[in-house]
Amino acid sequence: MDENELRELILSNEYLDIIQTFRSSPEQWTVQFQQFGAQAFGGGFGMVHVRRNLFPQNPMEVTRYYSIPKLFTTLDTTSLEVSGILQMQTQPLLNYKGRDVIIGIIDTGIDYTLPAFRHSDGRTRIVRIWDQTIQTGTAPKNIFYGSEYTELQLNEALSLNDPFSVVPSRDENGHGTVSAGIAAGSPDATRDFTGAAPEADIAVVKLKPAKQNLRDFYLIKEESPAFQETDIMMAIRYLLAVGNELKKPVVICLGLGSTQGSHTGSSPLAQVLTYYSGFTGCYIVAAGGNEAGTGHHYYGKFEPSQPSQTPQNVEILVDASDKGFSVELWGNPPDLYSVGIISPLGETIARIPARLSQSTTIRFTLEKTVIELYYEIVEAATGNELILLRFKDPTPGIWTVQTYSDVAINGAFHMWLPVKGLISDNTTFLSPNPDTTLTTPSDNIDVITVSTYNAYNGSLYINSSRGYTRDGKIKPNIAAPGVNVFSPEIGGSYGAYTGSSAAAAITAGAVALLVNWGAEHQPDRIFTNQEIQSLLIRGADRNPQYLFPNREWGYGTLNVYQIFLNLMNR
């Protein structure tokens, strides 16, 4: 299969992208499945492309939930001072600003023309852009889609009146530009601005929009930005390749999130992150999300003495603007759950028994709503039970998911609606639970997970997602400033931004400073991912009013300068 044919498989909506695992070498596996355009991500994971018309309308009738890429969306200088970053930059004996470290941004792109991403002489600080949306340029080596732009090409473009005639990559959304500016923007004395790591190199991946067949499967609103798991996994592989080529460590900032999956750090993306976090010189910072106050999580508990025929009624208020959405229920073995449905007009669907890989389509007599129900009693990544409900044309009002416990040992179950931005703000659980709301992939134990607080008054951001993971792992690691964070934005102005991605960007810059310190320390050293996590935890400030670690703050608030004070006093 030549490169043009492979690119067509990757981009065409006529093909479904399917995640696969393999135990052979990546080279053997890609040759074995080359007719399906096989590409390896790393860590024993890869992707193949299969014609959509070979699948039933609901692909889960013939493939696992695990194999279908999940969808992610964006997660919305006092902050630098309380984080100890300005002290790191300006203290004469430290003066670390991220030199010879690459900060990798996987997001909506970057406005590369801004002064925030240039040296004082006007040259770019961006070493690479891989724009997955542009197919007219040269794709990165062994990736076959999108266009890669080098530092040389970017400098050529910046010397012209129309830089986009040479490098046409733009950030139409602005989220990626803001994240890159907070993490690594160049100083601007006239605006009293500096990024957390103003001398770091920058590498950017602009994600292409998710395929329409995936958006249709997950019933995502047309106007919502959504990116697919496979493109993010390929972006991670790409950024590590750039680091290897330039022989520099890479700090990857992930300001994207999803509520799909088990919330145990077991998704294919999470496992790929685990694989790469074991590489020397690779550090991954993930935004925890902005889900605590959205009403998108429900927690239920059955007691062993509770009769199995008595349900817990989980009520979902559905807004008229939502034409479709999905709900996931997750439970641990040996507990076994099943559901029935009551519509807003009172039509009742009796309890549907849970059977292995059962798929049921529910139609209502008085309403246009169709619900596709899928039971996966043993989900591939976790061995846990998954119940997936897909609501098509839901009647506005209160829907009741009657949840039954067929076997109750632990008795706990969790349900999640899609992440904020993919459904209406007014579609919520009526009795939500703000805990266990960290978005994927921040639930992975090997990434640096960041919650969000207000540096101006010391309070937790009201929507900052909370831990722990569903299986009890301690997350987040730390909290970082993410309220009214000053940043450059597309077009050349500056603005104040609030959200988990801002906190993650500040932390990614702080990690770059630590890596810079390690490289210039005598003797020099490249920290492991676990060492960086430990250093951040040791340096964190902890309010004596709270017990640590906890679900909201992790081990405390980011203070990178405190790390050095602690080390000097030992």
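Whatever comes next refers back to the structure up there.
Below you will find a few notes about this structure. Nothing here was measured: the structure is a model prediction, and the numbers come from that model.

## Regarding the overall build of the protein
Then comes step 1: When its secondary structure is counted, the protein shows twelve helices and 27 strands.
Then comes step 2: Scaling as 2.2 N^0.38, a compact globule of 570 residues should have a C-alpha radius of gyration of about 25 Å, and the protein matches this with 24 Å.
Then comes step 3: With the C-alpha coordinates aligned to their principal axes, the bounding extent of the protein is approximately 70 × 60 × 45 Å.
Then comes step 4: A total of 570 residues make up the protein; the buried ones form 61% of that total.
Then comes step 5: Per element, the accessible surface of the protein, about 21,500 Å² overall, is 50% carbon and sulfur.
Then comes step 6: When the 41 positive and 57 negative side-chain charges of the protein are each reduced to one mean point, those points stand 3 Å apart.

## Thoughts on the nonpolar core
Then comes step 1: Counting 76 residues, the largest nonpolar core has Ile110, Tyr112, Val511, Ile532 and Leu536 as the members making the most contacts within it.
Then comes step 2: For this core, the element with the most residues is helix 10 (residues 500-520), which contributes 13 residues.
Then comes step 3: Once you skip the residues sitting within four places of it in the chain, Val511 turns out to touch Val251, Tyr283, Val285, Ile448, Ile532 and Leu536.
Then comes step 4: In terms of nonpolar packing, the next biggest core, distinct from the first, is built from 39 residues, Leu239, Leu256, Leu273 and Ile284 among them.

## Points about helix 1 (residues 3-11)
Then comes step 1: For helix 1, the complete set of buried residues consists of Leu6, Arg7, Leu9 and Ile10. Projected down its long axis, helix 1 carries its buried residues within an arc of 160 degrees, all on one side.
Then comes step 2: In the core, the buried residues of helix 1 are packed alongside strand 1 (15-21), strand 2 (39-42) and strand 3 (45-51).

## Here we look at the pattern of salt bridges
Where side chains of opposite charge bring their charged atoms close, a pairing between them can arise.
Then comes step 1: Per the counting criterion, the structure on display carries 19 salt bridges.
Then comes step 2: Its salt-bridge partner being Asp121, residue Arg123 comes within 2.7 Å of it at the nearest N-O pair.
Then comes step 3: In this structure, Arg551 and Asp435 form a salt bridge, with 3.9 Å as the shortest nitrogen-oxygen distance. Pair noted here: Arg551 is in the loop between helix 11 (529-539) and helix 12 (560-568) and Asp435 is in the loop between strand 23 (428-429) and strand 24 (448-453), with a separation of 116 residues, a long-range link.
Then comes step 4: Given a relative accessible area of 18%, Asp435 falls into the buried group.

## Description of the state of the cysteines
Then comes step 1: Tallied over the full model, the rule gives zero disulfides.
Then comes step 2: Here Cys282 stays unpaired: no disulfide links it, and the sulfur of Cys253, its closest cysteine neighbor, is 13 Å away.
Then comes step 3: Its relative accessible area of 0% is what places Cys282 among the buried residues.

## Quick look at the packing of helix 6 (residues 175-184) against helix 10
Then comes step 1: The contact between helix 6 and helix 10 brings their axes to 7 Å, and the two run at 40 degrees. Two packed elements cross with a definite hand, and for helix 6 against helix 10 that hand is right-handed. Across the interface between the two elements, His175, Ser179, Ile182 and Ala183 from helix 6 touch Ser501, Ala502, Ala505, Ile506 and Gly509 from helix 10.

## Focus: the sheet that holds strand 19 (residues 370-376)
Then comes step 1: The six strands are arranged 13-22-15-20-19-18 in an open sheet whose pairing can be described as antiparallel. Either end of the sheet is taken by a strand with one partner, and the two such strands are strand 13 (297-301) and strand 18 (358-363). Pairwise comparison of adjacent strand axes, ignoring direction, gives a mean angle of 15 degrees for this sheet.
Then comes step 2: Pairing geometry for strand 19 and strand 20 (residues 385-392), over seven bridges, is antiparallel. Opposite Glu376, over in strand 20, you have Leu386 as the bridge partner.

## Observations regarding the layout of surface pockets
Then comes step 1: Of the volumes computed, that of the largest pocket is approximately 480 Å³.
Then comes step 2: Along the walls of the largest pocket sit 21 residues, with Thr30, Ala38, Gln39, Ala40 and Asn142 positioned nearest its centre.
Then comes step 3: For the lining of the largest pocket, the elements supplying multiple residues, two or more each, are helix 1, helix 2 (26-32), strand 2 and helix 9 (268-277).
Then comes step 4: Taken together, the residues that form the lining of the largest pocket break down as eleven nonpolar, six polar and four charged.

## With respect to the packing of aromatic side chains
Then comes step 1: For the structure shown, the criterion picks out 26 aromatic pairs.
Then comes step 2: The interplanar angle of 15 degrees and the centroid separation of 4.6 Å between the aromatic rings of Phe22 and Trp29 together place this pair among those described as stacked.
Then comes step 3: For Phe22, a relative accessible area of 12% corresponds to the buried category.
Then comes step 4: A centroid spacing of 6.4 Å and a plane angle of 75 degrees characterise the contact between Tyr546 and Phe548, whose relative ring orientation is edge-to-face.
Then comes step 5: Tyr546 gets classed as partly exposed once you look at its relative accessible area, which sits at 39%.
Then comes step 6: An aromatic cluster is defined as three or more aromatic residues linked by ring pairs; in this entry it consists of Tyr298, Phe302, Tyr337, Phe413 and Phe429.
Then comes step 7: Above the ring of Phe164, the side-chain terminus of Arg170 is found at 3.6 Å from the ring centroid.

## Considering empty space enclosed by the protein
Then comes step 1: Of the volumes computed, that of the second largest cavity is approximately 70 Å³.
Then comes step 2: Around the second largest cavity, the lining residues are Tyr65, Tyr66, Lys70, Gly261, Ser262, Ser266, Ser267, Pro268, Trp330, Glu379, Ala381 and Thr382.
Then comes step 3: Of the residues belonging to the lining of the second largest cavity, the class tally is five nonpolar, five polar and two charged.

## Regarding the side chain of Thr294
Then comes step 1: As for its placement among the helices and strands, Thr294 is situated in the loop between strand 12 (282-287) and strand 13.
Then comes step 2: Engagement of the side chain of Thr294 in a polar contact is seen with the backbone oxygen of Glu291, the distance being 2.9 Å.
Then comes step 3: A polar side-chain atom of Thr294 sits 3.2 Å from a polar atom in the side chain of His296.
Then comes step 4: In contact with Thr294, other than residues within four places in its own chain, are Lys420, Thr428 and Asn463.

## Some points on a nonpolar patch on the surface
Then comes step 1: Side chains of Leu317, Ile398 and Leu430 sit close together on the surface and give an oily, nonpolar patch of about 210 Å² of accessible area.
Then comes step 2: Its relative accessible area of 31% is what places Leu317 among the partly exposed residues.

Procedures and definitions
Residues numbered from 1 in each chain as written. Predicted model: local features only at pLDDT ≥ 70, side-chain atom pairs only at ≥ 80, totals over all residues. Heavy atoms only, no water. Helix = DSSP H or I, 4+ residues; strand = E, 2+ residues; numbered from the N terminus. Rg over C-alpha atoms; globule rule 2.2 N^0.38 Å. Buried < 20%, exposed > 50% of the residue type's maximum accessible area, 1.4 Å probe, protein only. Areas by Shrake-Rupley, 256 points an atom, 1.4 Å probe, with all protein chains shown as cover. Lys, Arg positive; Asp, Glu negative; His and termini not counted. Charge placed at Lys NZ, Arg CZ, Asp CG, Glu CD. Core = buried A, V, L, I, M, F, W, Y, C linked by side-chain atoms within 4.5 Å. Contact = heavy atoms within 4.5 Å. Arc of directions from axis to C-beta. Salt bridge = Lys/Arg side-chain N within 4 Å of Asp/Glu carboxyl O. Disulfide = S-S within 2.5 Å. Axes fitted to C-alpha atoms, helices over the stretch in contact; angles between N-to-C directions. Left-handed = near helix turned anticlockwise from the far one by under 90°. Pairing = 2+ DSSP bridges. 1 Å grid on protein atoms, 1.4 Å probe; cavity = no way out; pocket = protein on both sides within 12 Å on 5 of 7 lines; lining within 4 Å. Points joined across faces, edges and corners; volume = space filled by probe spheres on them. Nonpolar A, V, L, I, M, F, W, Y, C, P; charged D, E, K, R; others polar. Phe/Tyr/Trp six-rings, centres within 6.5 Å; stacked < 30°, edge-to-face > 60°. Lys NZ or Arg CZ within 6 Å of the ring centre and 35° of its normal. Polar contact = N/O pair within 3.5 Å; in protein donor to acceptor, adjacent residues only side chain to side chain. Patch = residues over 30% accessible without salt bridge, like charges linked within 9 Å, V, L, I, M, F, W, Y side chains within 5 Å.

Just geometry here; none of it tells us what the structure is for.
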